[in-house]
There are 2 protein chains.
Amino acid sequence: MNKVPLLKALLDYHTEENLILSMPGNKCGLAFKRDEIGKIFEENLGRLDITEVDPLDNLHHPEGVIKEAQNLLRDYYKSKKAFFVVNGSTGGNLTAVFSAFKEGDEVLVERNCHRSIYNALMLRKLKVTYIEPVIIEEGSLFLPPDKNNIYNALSKANSPKGIILTYPNYFGITYNIEEIITDLKGKGLKVIIDEAHGAHFGVCEDLPRNMCELADYTVISAHKTLPALTGGAYLLVNDENSNVEFYLSTFTTTSPSYLVMASLDYARNYLQEYGKEDYESLIHNADLKREEINSLNKVRIVTKEDLPDGYDIDRTRYTIVLPKGYSGYKFLDYLRGEKIQGEMAFPSGVVLILSYSQGLDALDKVHQAVDKLDMEILKEKEWKFNYSNSLPIKALEPYEVLEAESENIGFNNSLGRIAKENIVPYPPGIPSICLGEIINEESIAAIDEFLEQGGTVLGINEGRVLVCVRGKGESN
Amino acid sequence: MNKVPLLKALLDYHTEENLILSMPGNKCGLAFKRDEIGKIFEENLGRLDITEVDPLDNLHHPEGVIKEAQNLLRDYYKSKKAFFVVNGSTGGNLTAVFSAFKEGDEVLVERNCHRSIYNALMLRKLKVTYIEPVIIEEGSLFLPPDKNNIYNALSKANSPKGIILTYPNYFGITYNIEEIITDLKGKGLKVIIDEAHGAHFGVCEDLPRNMCELADYTVISAHKTLPALTGGAYLLVNDENSNVEFYLSTFTTTSPSYLVMASLDYARNYLQEYGKEDYESLIHNADLKREEINSLNKVRIVTKEDLPDGYDIDRTRYTIVLPKGYSGYKFLDYLRGEKIQGEMAFPSGVVLILSYSQGLDALDKVHQAVDKLDMEILKEKEWKFNYSNSLPIKALEPYEVLEAESENIGFNNSLGRIAKENIVPYPPGIPSICLGEIINEESIAAIDEFLEQGGTVLGINEGRVLVCVRGKGESN
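Quick look at the structure, then.

### Some points on helix α2 (residues 36-43) of chain B
Link 1 in the chain: Among the residues of α2(B), Gly38(B), Phe41(B) and Glu42(B) are the ones counted as buried. All buried residues of α2(B) project into a common sector of 95° when viewed along the axis, lining one side.
Link 2 in the chain: At its buried positions, α2(B) is contacted by α1 (5-15) and α3 (45-48) of chain A together with α3 (45-48) and α11 (258-294) of chain B.

### Quick notes on the relation of the copies chain A and chain B
Link 1 in the chain: The two copies are related by a screw operation: chain A maps onto chain B through 180° of rotation and 0.0 Å of translation along the axis, at an RMSD of 0.0 Å. Expressed as an axis order, the relation between the two copies is that of a two-fold axis.
Link 2 in the chain: Looking at the interface residues of chain A, 100% of them are also at the interface in chain B, so both copies use one shared face.

### Considerations on the interface of chain A and chain B
Link 1 in the chain: With 88 residues of chain A at the contact, the number on the chain B side is 88 residues.
Link 2 in the chain: Counting each side, the surface lost to burial between chain A and chain B is near 7,500 Å², with a carbon and sulfur contribution of 65%.
Link 3 in the chain: Inspection of the chain A/chain B interface yields six salt bridges.
Link 4 in the chain: A salt bridge links Arg47(A) to Glu42(B); the shortest N-O distance between them is 3.1 Å.
Link 5 in the chain: Scanning the region where chain A abuts chain B turns up 28 residue pairs in polar contact (both at pLDDT 80 or more).
Link 6 in the chain: In terms of residue class, the side of chain A that touches chain B is built from 43 nonpolar, 28 polar and 17 charged.

### Description of the nonpolar core
Link 1 in the chain: Ranked by size, the top nonpolar core spans 162 residues in total, and within it Tyr77(A), Tyr234(A), Phe331(A), Tyr77(B), Tyr234(B) and Phe331(B) carry the most contacts.
Link 2 in the chain: Apart from residues no more than four positions distant in its own chain, Tyr77(B) is found in contact with Ala199(B), Asn210(B), Cys212(B), Glu213(B), Ile220(B), Leu226(B), Tyr234(B), Leu236(B) and Leu271(B).
Link 3 in the chain: Ranked by size, the runner-up nonpolar core spans 81 residues in total, among them Phe83(A), Leu94(B), Val109(B) and Ala233(B).

### Observations concerning helix α13 (residues 359-371) of chain B
Link 1 in the chain: End to end, α13(B) covers 19 Å across 13 residues, agreeing with the expected 18 Å (1.5 Å per residue, within 8%).
Link 2 in the chain: Those residues of α13(B) that are buried are in contact with β1 (19-21), α11, β14 (317-321), α12 (328-337), β15 (340-342) and β17 (349-353) of chain B.

### Brief notes about the sheet that holds strand β22 (residues 464-468) of chain A
Link 1 in the chain: Across the sheet, three strands lie side by side as β18-β22-β21 (chain A); this open sheet has antiparallel pairing. Unpaired on one side and paired on the other, β18 (406-410) and β21 (460-461) of chain A mark the two borders of the sheet.

### A short note on the packing of aromatic side chains
Link 1 in the chain: On inspection of all chains with the given rule, the structure shows 35 aromatic pairs over all chains.
Link 2 in the chain: Each ring, one from Phe32(B) and one from Tyr266(B), has its centre 5.8 Å from the other, and the planes form 65°; the classification is edge-to-face. With a gap of 234 residues between them, Phe32(B) in the loop between β1 and α2 and Tyr266(B) in helix α11 connect regions that are remote in the sequence.
Link 3 in the chain: Using a relative accessible area of 1% as the deciding quantity, one classes Tyr266(B) as buried.
Link 4 in the chain: Arranged with centres 4.5 Å apart and planes meeting at 20°, the rings of Tyr270(B) and Tyr356(B) form a pair that is stacked. Highlighted residues: Tyr270(B) in helix α11 and Tyr356(B) in the loop between β17 and α13, separated in sequence by 86 residues. With respect to class, Tyr270(B) is no different from Tyr356(B); both count as buried.
Link 5 in the chain: In this structure, Arg111(A) packs its charged tip against the face of Tyr130(A), placed 5.5 Å from the ring centre.

So, how was this worked out
Residues numbered from 1 in each chain as written. Chains lettered and ligands numbered in written order. Predicted model: local features only at pLDDT ≥ 70, side-chain atom pairs only at ≥ 80, totals over all residues. Heavy atoms only, no water. Buried < 20%, exposed > 50% of the residue type's maximum accessible area, 1.4 Å probe, protein only. Helix = DSSP H or I, 4+ residues; strand = E, 2+ residues; numbered from the N terminus. Arc of directions from axis to C-beta. Contact = heavy atoms within 4.5 Å. Least-squares fit on C-alpha atoms with pLDDT ≥ 70 in both. Buried area = accessible area lost by both parts, 1.4 Å probe. Salt bridge = Lys/Arg side-chain N within 4 Å of Asp/Glu carboxyl O. Polar contact = N/O pair within 3.5 Å; in protein donor to acceptor, adjacent residues only side chain to side chain. Nonpolar A, V, L, I, M, F, W, Y, C, P; charged D, E, K, R; others polar. Core = buried A, V, L, I, M, F, W, Y, C linked by side-chain atoms within 4.5 Å. Expected span 1.5 Å × (residues − 1). Pairing = 2+ DSSP bridges. Phe/Tyr/Trp six-rings, centres within 6.5 Å; stacked < 30°, edge-to-face > 60°. Lys NZ or Arg CZ within 6 Å of the ring centre and 35° of its normal.

Below, the structure is given as structure tokens:
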């Protein structure tokens, strides 16, 4: 038996020497080598782990070098306060939700927000009004909600205290969010932006702006696109009257990693010193290669032109969609066989996260892999899920669902019952029924049809689904 | 201006080449060098950071190598479930409290428990009954609560659902906790043990046993004493009917560090493969040198013989107390001047955390430093805080305090007001008034006297204190 299975697997993976087009943004150390101090950091990582000793300050009560580093971060992103987060954007999202809202507050939330937002809604006991995403029929991509969907949700809500938006989404897709934030703030709503995938935004003019100056709370996963270690994130705050320091401290280990914190310091300085030059050059190369790859007419790297009006896409990310009837999962596997590690697959494509540190060679490698790809090996059944026009009715708030007892029943007997978990058909990966909503006839029919085709539905296991035992208001 | 103040400070600290007798247990990488795979890990740390890619499993839904590694952990500590925690014992404590208890439950808690426990009590909205620590007048040490204090608290509580105990305390002091846990579990109480400083317990017979097999939840900071990276902890669970996976996932980043997780895998295997041999040898050496150092008659490394009946101390930790009138803080500084990094200072001494990886040389260095120490440079005023026999009255639960508005008033005008923060005289570092308690005449007199002598009191700044604006039951 393997005595250190995880350590062994990690070391084995390293020996494969894949081209890392997934997270982390440090690209297995490569991106730290931008300058001498980064190189020394990367080479000595194993010897630098330390606890809070005298000259190294204290993340929970910063008065020295951590305070100085956080002030530089604040100045760079132009927010009023700035914090290093060692518990990822998850820690940032929990903190933002607890700081911005009080128990019982109503908030507008995207139906397919990140799991950490759902968890924060439950723990903070908030009332939710969902915002619908936009689905593109062709290509099985989904987009962030458009302005209509956001204002529809606003008009349905009773007395919303705020809104939580994901910007950009996992595909790197953006929209004109500034105008919306400004308007909603004017209406007195607190605005939280989960900008996990946009740490590099704003570093040059070819990239979308970041929302750190505008939103009340902006959460950024530095580790996703910048030279920072996994788990390292930033929290930028403009809401001056909140208890943000307390909540951040609550959700953060009292033994935060100096490796992660130092990498967060490095990443901010990277953006300031080299960001504009490096990202302009990266986008130039990425644009060039995108055209070459697209002109092979096998797969399609999404551009602004492929998206409806008002949407844009992060040009440092290759969101590659396949023609109908081909599998993104198989494509990710194929790339891995070609020693290219993609970030993620979705039913109809994959996402690759590019880096300045890998140069034109990396993009050539992707080009070559697509060029010699035999599309036959990616063939897959074609699925389509018919979303109902009428949304399910919400019977319980997420926190009531958390507290409710559950029962595992046949999906076909679930009519009128309250879902205990989100029910999510893949594709496209958007909840058809959210936890707390009543399972209706239309949803059952659509999901049944989808399952009969062989589609995958998260939340349904072998034809069974978890529902709440008690009805509305009876939650334990 | 320094462009990367934190990274620079970290690299500078490294060049000092101190003997690390503080956390982390990996001793700046040294402790990973116990075998070949550990050496490879340490040397390649900068190149191993990666996200969840195919063969490396998913901490939030483990089915592969992480599951395998966690099963080995479970078998080693003999609990029913075992989890890697990347957000430190803080993450483990939050998870344990949320899993074990429901809102409104009453729990017994040590008055000087770790901050993460206080935070968990607030967020989970629990009612608390405090357990008193035991203070040793001589040496200004404090001990874990004895059996009397625990059962006193139990008799005062209305309908307690559980108890949270710290074992060992920061000084490494232990007591016969097994009997107490067994009895309280028999009475139907859930038992959470914050065993942050006892990851190595049970590895050989010269060490206290660990509570992982016995308690409902045991939280262990692997990074404190074992070869693991800062922030890496274990959560061992025997409570099978709880929602522990959900809460752990909630408090954990969805981008957990593979460096930390792999180090947790390494640390468990270290204990299994080399632990007994290494710790027996470490204790042999530590005992030998302790006697030599103590026989210098300058400082006193605490032994079992120095403690009241029923208490013991972790022999891999040097808890060094100074004679009255000498400062532990100055001693920590002195050691640092001698290139020895201690773990922490308290008013009358310091704590050093020893490691198998540093050998007899390390202990010799401590011996030499004490030998040549001029005690004069540690001289300090003598302080003593007079604890009242009657505890302050609790007016608000911690979660009510969190929600209450606060007011900053002169401490001398605070009679009858409810403290918003713990008020903690140093020495000995035990709250004189806990948040939510009513500030009484006796406390004011004792603290005034202490402050007049020049003592430090956390929670009082320039003679002012934060109190709650509203009275009991009026909390917002």
